[in-house]
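Here are the chains, one letter per residue:
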Amino acid sequence: MSIFHLKRSKILQGQIDEFLNIVSRGSLVFRNGMREYLDGEIGSFEGTIAEISRLENQADELRRSIENQLYVHSLIPEIRGDVLGLLENMDVVINAEKKTLTQFSVEMPAVPSEYGKDYLALADACVNSAEAIVTAVRAFFHDFNMVKNYLHKVYFFEKEADKISDRLKRRIFASDLDLSRKIHLRYFALHIETISDHAEDVADRLGISTIKRSF
Amino acid sequence: MIYFFLISGVFLGWSLGANHTANIFGTAVASRMVRFRTAAVICSLFVILGAVFGGSGTTATLKSLGAVNAMAGAFMVTLAAALSVYWMTKLKLPVSTSQAIIGAILGWNLFSGSGTDFGSLTRIVLSWGAAIVMTATFSALVYMLLRALLKRSRIHPLILDSYTRIGLIMVGAFGAYSLGANNIANVMGVFVPVTPFKDINLAGVFTFTGVQQLFLLGGIAIAVGIFTYSQKVIQTVGNDLLKLSPLAAFVVVLAESLVLFIFSSRALEGWLLAHGLPAIPLVPVSSSQAIIGGIVGIGIVRRGREIRYKVLGDIALGWLVTPILAGLITFFGLFVLQNVFSLEVYRPVVPPAVAQPGGRPQPPVAATLDAANKGRMDEKTLKGSPLPGKPATDKSADTPAAPSANEKRKEKTQSPCPHA
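From a predicted model like this one, the values you see are computed outputs, not experimental measurements.

S.K.: Quick rundown of the overall build of chain A? Include the residues and the values.
M.R.: Assigned secondary structure in chain A consists of six helices and zero strands. Going residue by residue from the N terminus, the α and β elements of chain A occur as α-α-α-α-α-α. By residue count, 52% of the 215 residues in chain A fall in the buried class. The long-range share in chain A, meaning contacts at least 24 apart out of those at least 6 apart in sequence, stands at 82%. Here chain A displays about 9700 Å² of accessible surface, and carbon together with sulfur accounts for 53% of that area.

Shown next as structure tokens:
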């Protein structure tokens, strides 16, 4: 019984790693998508949206499968709730990335060239925070003592994203653009910024889970 | 009729199985790390093995406290212990079958006028305290070791979960064996001197003694208790008393099992003596109290976060209340059996191990106990005062030397029993 259990655990361990890989890949794809849109490469951009949608679907399916197995086989009872919370919140990060790119595709905001660099910097800070949280969650499973070393990076990049977003919005509203365009551009800054906010949420959960997991 | 009297032992065995499985598999089953069916099968099997093959040591100690030498008396002693356990459980007070049976035996001693070996009694009571301290110490040490190991191991929680399940099953089996070996004396120990079972020789290879058959019956009663009622107890107390993580439960059950094993292993006792070390007394101790010691041990390492001082106070209260209650029930129960049902609840016996001033001591307790383990206690302890129809000429190799004529005269002048 226990040997089968060990095999099942190893398969599940692989699935969790795969889920984290997908979330990480999603962030890289998101960065590419942002760069393509701001550079005006709309053809490639649509391909990128298709790719991030596929990744997001894969992440959803894997997450459901992992959750199902954790409950059906009563695995890791004392931290099961924490693990499920972490995976669900990680899924929110990749969902936000997909949603943001899709909003760009649907609304096609005209971003003046002087703001392009700031939008890209904002996207970079968000992607960095997402990458850091993936590493931190991976450490939670593989190298428990290293979690704190990655968590502070998440918080750092989230703050960076806030600063860039704030600066960008101030610049937009200080410009001579129409108010409707200002609001439209701010809306997209907010959209991108959400990604780092979600990463921060996962980091908060992870911090608590780490304390609870200490034996 | 003689087999009917064993019912009280079966009842106490059932009660022990129903209540004490939670101490071994409580957290594992309540957290669904181990299925109840798996836990019940393993627990039953190893309890029976422990009872049959390791139960003689603690039984001998109980005999040294008071050898109940009539079937009806043994029935009442066990029934009183079972009723005390039941009553205390109903009152939601911490209870131990070990303490109940000691109180019941003392009640029988008082009623029958038999001498109580206060040396044994002191040893037993000190062992109860020592068991808690030892479990706390083992638990703290294993906990620190495991924590240091886990910090360095970088093990995935899912893999750790699998190993923990295997560990819980293994320490559960060990705990069940130790429980059977240590606590079978509570269930069937008082019937040993009056066992109705005869030795069975299996093809000249293995002798299944009458005492082992008696312990098998007790073990089966415990197993029935495990299968029929322990699941309810586990669901009630598994998540209440023992709010432990599965890994902490592994540590606590391992410490508890070690202590129960130490207090019941004749092999370990022999090894210690052979190496000139002080032997640990073979005493039935409480698994419920040992496990609380284990939790306290972890609590100390974690700087007192999990120590429940009220529970420790309740244990001390249980030490007083349970034996007194069981003793009183035994005394009045024996009175009723003797005077209302005209049953023989004891046979006059020379008080054991009391040194006569200016004369030789009575037959040594250890020799008497060895005899008891072979199921012939009643005949050998009654040397010099034979039972009706039983010759007083049993001179087998392990029988102590017969008292001198002078000593026999002294014995005759003693009044054997105040209630006759």
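From this point, things continue past the structure.
S.K.: Mind laying out the overall build of chain B, listing which residues take part and the relevant values?
M.R.: Counting secondary structure elements, chain B contains 15 helices and two strands. Counting all 420 residues of chain B, 54% fall into the buried class. Nonlocal contacts in chain B, meaning residues at least 24 apart in sequence, comprise 80% of its contacts between residues at least 6 apart. For chain B, the computed accessible surface area is about 18200 Å², with 67% contributed by carbon and sulfur atoms.

S.K.: How would you explain the pattern of salt bridges if you had to name every residue and give the values?
M.R.: Per the stated rule, a full pass over the model turns up 18 salt bridges over all chains. For Lys159(A), the salt bridge identified is with Glu158(A), shortest N-O distance 3.5 Å. Note that Asp161(B) and Arg165(B) form a salt bridge whose closest N and O atoms lie 2.9 Å from each other. Of this pair, Asp161(B) and Arg165(B) both sit in helix 7 (residues 157-188), separated by four residues, roughly a single helical turn. Within the structure, one salt-bridge network assembled from shared partners comprises Asp60(A), Arg63(A), Glu67(A) and Asp91(A).

S.K.: Any details on the packing of helix 4 (residues 71-90) of chain B against helix 5 (residues 97-112) of chain B? Residues and values, ideally.
M.R.: Relative placement of two packed helices is described by the angle separating their axes and the distance separating the axes. All names here are of chain B. Contact geometry of helix 4 with helix 5 gives a least axis separation of 8 Å together with a crossing angle of 140°. Here helix 4 lies oblique to helix 5, going by the angle between them. Seen along the crossing, helix 4 lies across helix 5 with a hand that is right-handed. The residues of helix 5 that touch helix 4, namely those facing Gly-73, Val-77, Thr-78, Ala-80, Ala-81, Ser-84 and Val-85, are Thr-97, Ala-100, Ile-101, Ala-104, Ile-105 and Trp-108. In terms of residue class, the contact of helix 4 with helix 5 is made up of nine nonpolar, four polar and no charged.

S.K.: Got a sec to walk through the nonpolar core? Specific residues and values, please.
M.R.: Among soluble globular proteins, nonpolar side chains are generally buried collectively. One finds Phe25(B), Val77(B), Ile101(B), Ile102(B) and Phe191(B) to be the most contacted residues of the largest nonpolar core, which totals 101 residues. Not counting the four nearest positions on each side in its chain, Ile102(B) is found in contact with Leu62(B), Leu65(B), Leu121(B), Ile124(B) and Trp128(B). Residues Leu87(A), Tyr119(A), Ala123(A) and Ala189(A) belong to the second largest nonpolar core, which totals 64 residues.

S.K.: Give a detailed account of the interface of chain A and chain B, specifying residues and quantitative values.
M.R.: The interface of chain A with chain B comprises 25 residues on the first partner and 27 residues on the second. Our count for the contact surface shared by chain A and chain B stands at one salt bridge. Taking the shortest distance from any N to any O, the salt bridge between Asp143(A) and Arg154(B) comes out at 3.5 Å. At the junction of chain A with chain B, the criterion picks out seven residue pairs in polar contact (both at pLDDT 80 or more). Sort the elements by how many residues they give to the side of chain A that touches chain B and helix 1 (residues 2-38) of chain A lands first, with eight residues. Counted by class, the side of chain A that touches chain B contains 12 nonpolar, nine polar and four charged residues.

S.K.: Give a description of the environment of Tyr119(A) that names residues and reports values.
M.R.: Residue and element names in this part refer to chain A. Note that Tyr-119 resides in helix 4 (residues 113-142). Using a relative accessible area of 0% as the deciding quantity, one classes Tyr-119 as buried. Apart from residues lying up to four places away in sequence, Tyr-119 is in contact with Met-34, Leu-38, Val-111, Leu-168, Ile-172, Leu-185, Arg-186, Phe-188, Ala-189 and Ile-192.

S.K.: Lay out the packing of helix 3 (residues 56-65) of chain B against helix 7 of chain B with the relevant residues and their values.
M.R.: Residue and element names in this part refer to chain B. Between helix 3 and helix 7, the shortest axis-to-axis distance is 7 Å and the interhelical angle comes to 35°. For helix 3 against helix 7, the interelement crossing comes out right-handed. Here Thr-58, Thr-59 and Leu-62 of helix 3 lie close against helix 7, whose contacting residues are Ala-181, Asn-182, Ala-185 and Asn-186. Taken together, the residues of the contact of helix 3 with helix 7 break down into three nonpolar, four polar and no charged.

S.K.: Tell me about the side chain of Asn186(B), and name the residues and values.
M.R.: Residues and elements named next belong to chain B. Considering the arrangement of structural elements, one finds Asn-186 in helix 7. At 3.2 Å, the side chain of Asn-186 forms a polar contact with the side chain of Thr-97. Each residue touching Asn-186, except ones within four places of it in the same chain, is listed here: Leu-12, Leu-62, Thr-97, Ser-98, Ile-101 and Pro-284.

S.K.: Talk me through helix 5 of chain B; I want residue IDs and the actual numbers.
M.R.: Residues and elements named next belong to chain B. Over its 16 residues, helix 5 runs 22 Å from end to end, which matches the ideal 22 Å to within 8%, given 1.5 Å per residue. Most of helix 5 is tucked away: 14 of the 16 residues are buried. A side-chain oxygen of the first residue of helix 5 lies 3.1 Å from the backbone nitrogen of Ser-98; this N-cap is Ser-96.

S.K.: Pulling in residues and values, what's your account of helix 6 (residues 118-153) of chain B?
M.R.: For helix 6 of chain B, with 36 residues, the first-to-last C-alpha span of 51 Å sits near the 52 Å given by 1.5 Å per residue. The distance from a side-chain oxygen at the start of helix 6 of chain B to the backbone nitrogen of Gly119(B) is 3.0 Å, and the residue carrying that oxygen is Asp117(B).

S.K.: Go over the confidence of the model for chain B, please, and point to the residues and values.
M.R.: Per-residue confidence for chain B gives a mean pLDDT of 79; residues scoring 70 or more make up 78%. Element-level mean pLDDT values for chain B span from 38 in helix 14 (residues 377-381) of chain B up to 94 in helix 2 (residues 36-54) of chain B.

S.K.: Explain the side chain of Asn182(B) residue by residue, including any values.
M.R.: Residue and element names in this part refer to chain B. Within the secondary structure, Asn-182 is located in helix 7. There is a polar contact of 2.9 Å between the side chain of Asn-182 and the side chain of Asn-183. A distance of 3.5 Å separates the side chain of Asn-182 from the backbone oxygen of Phe-263, its partner in a polar contact. Those residues in contact with Asn-182 that sit more than four places away from it in its chain are Thr-58, Leu-260, Phe-263, Ser-264, Val-283, Pro-284 and Val-285.

S.K.: Which residues make up the packing of aromatic side chains, and what are the values?
M.R.: Residues and elements named next belong to chain A. Counted according to the given criterion, the structure contains 17 aromatic pairs over all chains. Considering the side-chain rings of Tyr-187 and Phe-188, the 5.4 Å spacing of their centres and the 90° angle between planes classify their relative orientation as edge-to-face. Taking relative accessible area as the criterion, Phe-188 reaches 1% and is therefore assigned buried. By the ring-pair criterion, three or more aromatic residues cluster together here, those being Tyr-37, Phe-45, Phe-104, Tyr-187 and Phe-188. Its end group placed over the ring of Tyr-71, Arg-80 keeps NZ or CZ at 4.7 Å from the ring centre.

Conventions used here
Residues numbered from 1 in each chain as written. Chains lettered and ligands numbered in written order. Predicted model: local features only at pLDDT ≥ 70, side-chain atom pairs only at ≥ 80, totals over all residues. Heavy atoms only, no water. Helix = DSSP H or I, 4+ residues; strand = E, 2+ residues; numbered from the N terminus. Buried < 20%, exposed > 50% of the residue type's maximum accessible area, 1.4 Å probe, protein only. Contact = heavy atoms within 4.5 Å. Areas by Shrake-Rupley, 256 points an atom, 1.4 Å probe, with all protein chains shown as cover. Salt bridge = Lys/Arg side-chain N within 4 Å of Asp/Glu carboxyl O. Axes fitted to C-alpha atoms, helices over the stretch in contact; angles between N-to-C directions. Parallel < 35°, antiparallel > 145°, perpendicular 65-115°, else oblique. Left-handed = near helix turned anticlockwise from the far one by under 90°. Nonpolar A, V, L, I, M, F, W, Y, C, P; charged D, E, K, R; others polar. Core = buried A, V, L, I, M, F, W, Y, C linked by side-chain atoms within 4.5 Å. Polar contact = N/O pair within 3.5 Å; in protein donor to acceptor, adjacent residues only side chain to side chain. Expected span 1.5 Å × (residues − 1). pLDDT = per-residue confidence, 0-100. Phe/Tyr/Trp six-rings, centres within 6.5 Å; stacked < 30°, edge-to-face > 60°. Lys NZ or Arg CZ within 6 Å of the ring centre and 35° of its normal.

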